Amino acid sequence: MTELRRFSDFKSGDFVTFVKSFQKGDFEGFTSLSGDRNPLHWDDTYAAESEIGKTIVPLHMTMAPLSMIAGMIFPGDPSLYLGHEVRSITPVFYGDELRYSAKIKSINPALRMLVIRVLVTRGTDVVLDATMRVQSRLDEWQASAETIGLTGKPKRGLITGASGEIGKALALALAKAGWNLLLQDRGTASKREALQQAIDPLLGEGQSVRYVGADLQKSDDLATLCKTVIDLDDISLFLHVASPPTDASIEALVQVNYTALKELTTAVVPAMLARQEGAIVSLNSIATERVIPGWSDYSAAKAMAAQYVSSVHKTYHGVGINGHTVLAGLVATAYSEQYRGGMPAMLPQELAEAVLRRALGNQAGGAVVIEWNAERSGLIGFHEPSALSAPPIVRQSASAGAAASDLSALPSSNAGTDVPSRIGEIVRARLGLADQSQLVGGGLGATPGWDSLRHIEIVLDLEEKLGIRFGSGDMEKMSTFADLLTISVSRLSEAKNG
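Numbers given to residues run from 1 along each chain, matching the order in which its sequence is written. Under the rules for a predicted model, residues below a pLDDT of 70 receive no local features and side-chain atom pairs below 80 are neither given nor counted, while totals for whole chains, interfaces and linings still include all residues. Working from all heavy atoms in the structure, the side-chain values ignore hydrogens and water.

Strands are runs of DSSP state E lasting at least 2 residues, helices are runs of H or I lasting at least 4, and numbering of each runs from the N terminus. Secondary structure assignment for the protein chain yields 15 helices and 16 strands. Relative to the compact-globule value of 23 Å for 498 residues, the protein chain shows a C-alpha radius of gyration of 25 Å, a close match. Principal-axis analysis of the C-alpha atoms gives the protein chain an extent of 75 × 65 × 50 Å. Burial here depends on accessible area, computed with a 1.4 Å probe over protein chains only, as a share of the maximum for the residue type. Under 20% is buried, over 50% is exposed, and the range in between is partly exposed. Within the protein chain, the proportion of its 498 residues that are buried is 47%. Working rule for contacts: check all heavy atoms of both residues, and any pair within 4.5 Å makes them a contact. Looking at the protein chain alone, contacts between residues at least 24 apart form 67% of all its contacts between residues at least 6 apart. Only the protein chains shown count as cover for residues, with accessible areas throughout obtained via the Shrake-Rupley method and a probe of 1.4 Å. Accessible area for the protein chain stands at about 23,400 Å²; split by element, carbon and sulfur atoms hold 53% of it. Taken together, the 46 basic and 55 acidic charged side chains of the protein chain have centroids lying 2 Å from each other. Atoms counted for the radius of gyration: C-alpha only. Globule rule: 2.2 Å times residue count to the power 0.38. In this tally, Lys and Arg are treated as positive and Asp and Glu as negative; His is ignored, and so are the chain termini. Taken as the charge location is NZ of Lys, CZ of Arg, CG of Asp or CD of Glu.

Before going further, it helps to examine the sheet that holds strand β5 (residues 113-122). The five strands are arranged β2-β4-β5-β6-β3 in an open sheet whose pairing can be described as antiparallel. Looking at strand neighbours, the two that pair on one side only are β2 (15-20) and β3 (79-88), the edges of this open sheet. Averaged over all neighbouring strand pairs, the angle between strand axes comes to 20 degrees, with direction disregarded. A strand pair is defined by DSSP finding two or more bridges across the two strands. Geometry is summarised by axes, namely lines fitted to C-alpha atoms with helices restricted to the contacting stretch, and by angles between N-to-C directions that run from 0 to 180 degrees.

Our focus in this paragraph is the nonpolar core. Counting residues in hydrophobic clusters, the biggest one holds 33 residues, and the most contacted among them are Phe-10, Phe-74, Leu-114, Ile-116, Val-118 and Met-132. When neighbours within four sequence positions are excluded, Ile-116 is seen to be in contact with Phe-74, Ala-102, Lys-103, Ile-104, Lys-105, Ala-130, Thr-131, Met-132 and Val-134. Definition used in this section: a nonpolar core is a set of buried Ala, Val, Leu, Ile, Met, Phe, Trp, Tyr and Cys residues joined via side-chain atoms within 4.5 Å.

A few words now on the packing of aromatic side chains. Aromatic pairing here means that ring centres of Phe, Tyr or Trp (its six-membered ring) are within 6.5 Å. Orientation follows from the plane angle: under 30 degrees is stacked, over 60 is edge-to-face, and everything else is tilted. Inspection of every chain in the model, using the stated rule, returns six aromatic pairs. Each ring, one from Phe-7 and one from Phe-10, has its centre 6.2 Å from the other, and the planes form 65 degrees; the classification is edge-to-face. In this structure Phe-10 comes out as buried when scored by relative accessible area, which is 11%. For the pair Tyr-258 and Tyr-308, a centre-to-centre distance of 6.0 Å together with 85 degrees between the ring planes defines the contact as edge-to-face. On the criterion of sequence distance, the pair formed by Tyr-258 in helix α8 (residues 250-275) and Tyr-308 in helix α9 (residues 296-316) is long-range, its members being 50 residues apart. Taken together, the aromatic side chains of Phe-7, Phe-10 and Phe-74 make up a single cluster linked through ring pairs. Positioned above the aromatic ring of Trp-42, the side-chain terminus of Arg-37 is 4.8 Å from the ring centre. Two conditions define a charge sitting above a ring: the NZ of Lys or the CZ of Arg must be within 6 Å of the ring centre, and it must be within 35 degrees of the ring normal.

For Arg-430, the position within the fold is in helix α13 (residues 418-431). Counting along the chain gives 84 residues from Arg-430 to Met-346, while the straight-line C-alpha distance between them is 34 Å. Beyond its immediate sequence surroundings of up to four residues, Arg-430 is in contact with Lys-105, Arg-454, Glu-457, Ile-458 and Asp-461. What qualifies as a polar contact is a pair of N or O atoms within 3.5 Å, subject to a donor-acceptor requirement within protein and to the restriction that residues adjacent in sequence count only when both atoms come from side chains. A distance of 2.7 Å separates polar atoms of two side chains, one belonging to Arg-430 and the other to Asp-461.

Attention now goes to helix α1 (residues 26-34). Among the residues of α1, those classed as buried are Phe-27, Phe-30 and Thr-31. The arc enclosing the buried residues of α1, seen along the axis, measures out at 95 degrees, which places them on a common side. Summarising the geometry of α1, the exposed residues directed more than 90 degrees from the buried face are Ser-32 and Leu-33. Of the residues trailing α1, Gly-35 is marked for its positive phi of about 80 degrees. By definition, the arc is the one covered by directions from the helix axis to the C-beta atoms.

In this analysis a 1.4 Å probe is tested at points of a 1 Å grid over the protein atoms alone, and where it fits but cannot get out there is a cavity; an open set with protein on both sides within 12 Å along at least five of seven lines is a pocket; lining residues have an atom within 4 Å of a point. Grid points are joined across faces, edges and corners, and a volume is the space filled by probe spheres set on the points. In this model, the second largest pocket occupies a volume close to 1,400 Å³. Around the second largest pocket sit 45 residues that line it, and Ile-166, Ser-243, Tyr-298, Thr-333 and Tyr-335 are the ones nearest its centre. Under this grouping Gly is polar, as are all residues other than the nonpolar Ala, Val, Leu, Ile, Met, Phe, Trp, Tyr, Cys and Pro and the charged Asp, Glu, Lys and Arg. Among the residues making up the lining of the second largest pocket, the classes are represented as 23 nonpolar, 14 polar and eight charged.

Below, the discussion takes up the pattern of salt bridges. Any Lys or Arg side-chain nitrogen found within 4 Å of a carboxyl oxygen on Asp or Glu counts as a salt bridge. Per the stated rule, a full pass over the model turns up 23 salt bridges. Of the charged contacts, one joins Asp-96 and Arg-122 as a salt bridge, the two residues approaching to 2.7 Å between their closest N and O atoms. In this pair, Asp-96 is assigned in the loop between β3 and β4 (98-108) and Arg-122 in strand β5, connecting sequence segments 26 residues apart. By relative accessible area, Asp-96 is classed as buried at 15%. Here the salt bridges do not stand alone but share partners, grouping Arg-87, Arg-117 and Asp-129 into one network.

Put into structure tokens, the structure is as follows:
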């Protein structure tokens, strides 16, 4: 029996993944269709003398599954393939196991058009990045038996050091939010039992919690945890909380804070690439920014972790994976009691809420200092861009902090100066630009990445996030950032007064 499908059933964020490998024999079929007989694709002797060193798969062979994505999945039978932009990043070799991830980035209901991003990956490397535009000829149709369904794995969060007070607070917050969990601890039965008793009342139907007992100072234990992560293939959020105490050996501090972070990141990235989204968070210390006597080894290991997370963010930010370093101030835990004295400190729950707001709601990545009374965002090395940095977020209380840092809330109409800032955030997020990137004077064809396709996506984002609708004549009038601001503010005013 065939399935009734409707164009309205598709949602931004729907995705599908599949694995494919090309063999030398596939080239014969390709060359009979294309006429391409370039020796780099089939002559081993010729290819061995090239700068690449061996034969490579033709780009258009690697691209061929894009046709299947449109014709069998998004939307399927009634598809009209309108066009694409493709960027080949690194050569593909015969026999490589390639993972294709296709995700709907935006939808135009009036035109029944889907904008789909396709990433082709090999392990942790992106080999091809494509954006497709596909139209559906019909509003609804009976799907053929060959139609391929969506990928539906739920998201899972990985937390190291989960039995500690901060790790436990993060686990409880994620469980309450409906996440599946993979929790690393040292295997202490009493601590794990106490954590599970706290989590159980928060779990909904179908939620799962899995534990891995591992000493991250031991290479074999770390390898076991990495294998579990790879086998699950569903981690969307990695929170690295585990760390030896400040007076541990430099070898132990580096092994847990840096080596374990690096190897676990390598393990989680393929699943994040498949979803085209993910966050990697290193729970760091304000000791990285300040000089604390006797903490030099600890600070150095944390600085290694911060630099690594920064490099991860720069590598993968453009494909939806963000790296965050949280430089935490004093937290009211049993361990920190010896250092705190009478100084004010955050509760573990307060830090957990701030960390998750950052990880799940901020696409800019980078570093954030979180203390009991304020948050400050910046860059690793912690250099704050003086002219364009956002003002510190001052927290009156846990609930006030949540409201202050929630960028999804639309500013009130009398806060006119905030509306351009919000629009700028939306545009930068769509273009993958840093927070401090200049938009004034830019626009379609003038700002890097702002092409005609991105322009449509920006307009759709503004409609969705601001709750406004643009008229058919607005598109051609919004080719500059200044015009886009003017028309968006006008539509906001109309929405408020209408």
